[in-house]
Every structure is written in C-alpha cells, then in structure tokens.
Amino acid sequence: MTLAARDLRWEAGGRIIVDGVTLEAAPGRMLGLVGPNGSGKSSLLRLLCGLRKVRSGVVSLGGTNIGALSRQAVARRLAVVEQHAGTQSQVTVEDVVRLGRSPHRSALAPWSEVDEAAVAGALERVGLDARRDQPWETLSGGERQRAQIARALAQEPSELVLDEPTNHLDVRHQLDALTLVRGLGVTSIVALHDLNLAALFCDEIAVLAEGRLVRSGTPEAVLNPEMIAEVFGVCAEVRVSALSGRPHIEYRPN
Ligand SMILES: Nc1ncnc2c1ncn2[C@@H]1O[C@H](COP(=O)(O)OP(=O)(O)OP(=O)(O)O)[C@@H](O)[C@H]1O
C-alpha cells in the first residue's frame, strides 16, 4: 500500500465537498482523477497530501496515517504539484527547483553533490536546463508548470500527486510531461481534465462527481459514453485508437 484514502470526508462553506471517498494508488502505477469542474478533485488531492485535515476518514502513506507523520517525513516521500503554485518573486528557476531538496537536508547541512545532481537532472528532464538562471516572474505559464514539475522531481519522491499538470502546456509538452511522470515508475495520482490524456497514460481512472467517487477502474472500463453523459453531460463516442490502442473519445457539441 502506498497512498490510500478510506472514507474521506471534508466540508467547507457549510457544504460537503469530499463525500466518503475510498481509493488506493497501486504501487508504481498512475491513477487518474477526473470529474467536472467543482467536483472536488483539488480538494481530494489536498487531503491526500496532508495539506488539509480530513473531517473524517483516514489517509495513509506507506501504511501509516498521514496525520501521524511529520511534514518532513511526508515530504521525503510525497511530492505535490499544485494547480496554482505560487512562489516568492525575485527567485530564479533553479531556486524554485532547489526547494525540492529541502525535505532531504538538515538545517545546517551544506548543499551537496547529490542535491546538485538531483536539481540538474530534474531541470534537464523537463527541458529547462538552459533556463536555470531565468527569473521566475519572466517565465511563461507552461514554463512555470514545467519548473514546478522539476521541483517535484528534485524531491525524488516515491509518491507524486499532480493537480492538472498539463494546464498551460502545449500538446507536445502535455505528452512529454505525462510520459515523464509515467516513466519515473513512482506511484502517481494525477487530476486531469482531458479524458483522452487520462485514457492514454493512466493505469486506472477514478471519477468524481459532486464529491463522490462514482466510478473507478481501467480506462477501458471507465471511459464509456454512458459515464461521459451521466457525469459530464456530454454526448460522446469512444473507440479504440489505432495509434495507441487506448480508448479515444470524440465529443458531439451540445
Ligand atoms: N475553502 C473552501 N471554502 C468553500 N468552498 C470551497 C473551498 N474549497 C473548495 N470549495 C468548493 O468545493 C468545490 C470543489 O472544489 P475543487 O477545487 O476541489 O474542485 P475541482 O474538481 O478541483 O474543480 P476544477 O475542475 O474546477 O479545478 C467547489 O465548488 C469549490 O467552490
């Protein structure tokens, strides 16, 4: 067991936002989280990372209740790429990626070759090695997204949670980012809006609607016209792609 949730509930603004969700990310696999706007994906991911306290239910990381682990213990194995990650101004790309090393370093430890190699490797993997000295505020939206992914990679996590990591990315970088995450062989939970990307990359897909888990299973089992009509209110056809062998969805405009 790596990252798992049992009967999670969370309320905000007098409303139940996450309503009795139970799910488990299989070791080394990619679990996609899909659902309409406002269905609770980001809220659920924040609970899974220990960034929010659950109202009831349990999140466990490596078999231990995440609430019983220190922030550093969590960060040594779990990295998060949030949807709107803010950062201080007047920092460079490299400064942001170096933050990924924090959980592995004690307060007085000097910056080591291992730290340097992790940062350099992460920057290279997202194609930002030539931009390491560029000021953060001058980056494009897509470059910021890739820098945040590099920060998470520098953390060398065994579990990775990403909230809409393809947001702002062009099609090539969308494919590159998800190929990269898949290729890491770590356990990942990824919120995605694009069902075709979820079909291409995810081993399993969990579908949220109004805070509830309404379907879960392989892309083939979950991504069908009935689910898309029921959950997203959209008429769709699903075929097996001749290019990828994965389900491919075509939508009919309402
Ligand atoms: N702190 C909060 N206080 C009040 N309501 C909140 C709070 N956080 C989230 N919500 C509400 O919870 C619902 C779920 O939000 P969440 O961001 O988790 O959805 P989402 O599925 O990630 O949406 P999107 O696809 O639009 O990013 C929304 O209706 C949102 O307004």
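Look a little higher up for the structure.
Report on the accompanying structure. (Residues numbered from 1 in each chain as written. Predicted model: local features only at pLDDT ≥ 70, side-chain atom pairs only at ≥ 80, totals over all residues.)

**Quick notes on unusual backbone geometry**
Item 1. For D7, which is not a glycine, the phi torsion comes out positive at approximately 50 degrees.
Item 2. Topologically, D7 is positioned in strand β1 (residues 3-12).
Item 3. Of the residues examined, D7 has 12 C-beta atoms within 10 Å and is grouped as exposed. (Helix = DSSP H or I, 4+ residues; strand = E, 2+ residues; numbered from the N terminus. Buried ≥ 20, exposed ≤ 12 C-beta atoms within 10 Å, placed from the backbone.)

**Considering the sheet that holds strand β7 (residues 159-163)**
Item 1. Ordered by their spatial adjacency, 6 strands build an open sheet running β6-β7-β8-β3-β9-β10, and the pairing between neighbours is mixed. Two strands in the sheet have a free side with no partner beyond their single neighbour: β6 (78-81) and β10 (212-217). Geometrically, the sheet is characterised by an average inter-axis angle of 15 degrees between neighbouring strands, direction not taken into account.
Item 2. Alignment of strand β9 (residues 204-209) against β10, held across 5 bridges, turns out to be antiparallel. Pairing of A209 across the sheet is with R212, part of β10. (Pairing = 2+ DSSP bridges. Axes fitted to C-alpha atoms, helices over the stretch in contact; angles between N-to-C directions.)

**Focus: the site of the ligand**
Item 1. Around the ligand sit A12, G13, I17, G35, N37, G38, S39, G40, K41, S42 and S43, and those are all the residues in its vicinity.
Item 2. A per-element tally of the shell around the ligand places helix α1 (residues 41-48) first, with 3 residues. (Near = placed C-beta within 6 Å.)

**Let's talk about the sheet that holds strand β4 (residues 56-61)**
Item 1. A sheet is described by the order of its strands in space; here 4 strands give the open sequence β2-β1-β4-β5, paired in antiparallel fashion. Taken across any chain shown, the strands that pair with only one partner, and hence form the sheet edges, are β2 (15-25) and β5 (64-65).
Item 2. Relative to β2, β1 runs antiparallel, the two being bridged by 8 bridges. Looking at β2, one finds that A4 is bridged to E24.

**Focus on helix α5 (residues 141-154)**
Because an α-helix packs 3.6 residues into every turn, residues spaced three or four apart end up facing the same way.
Item 1. If you check α5, its first and last C-alpha atoms are 20 Å apart, about what 14 residues at 1.5 Å a residue would give, namely 20 Å.
Item 2. The buried fraction of α5 is high, at 11 of 14 residues.
Item 3. Where α5 is concerned, the buried positions are E143, Q145, R146, A147, Q148, I149, A150, R151, A152, L153 and A154.
Item 4. Check the buried side of α5 and you find it contacts β6, α3 (93-98), α4 (113-125), β7 and α6 (171-184).
Item 5. Note on α5: the residue one or two positions beyond its end, E156, has a positive phi of about 50 degrees. (Expected span 1.5 Å × (residues − 1). Contact = placed C-beta atoms within 7 Å.)

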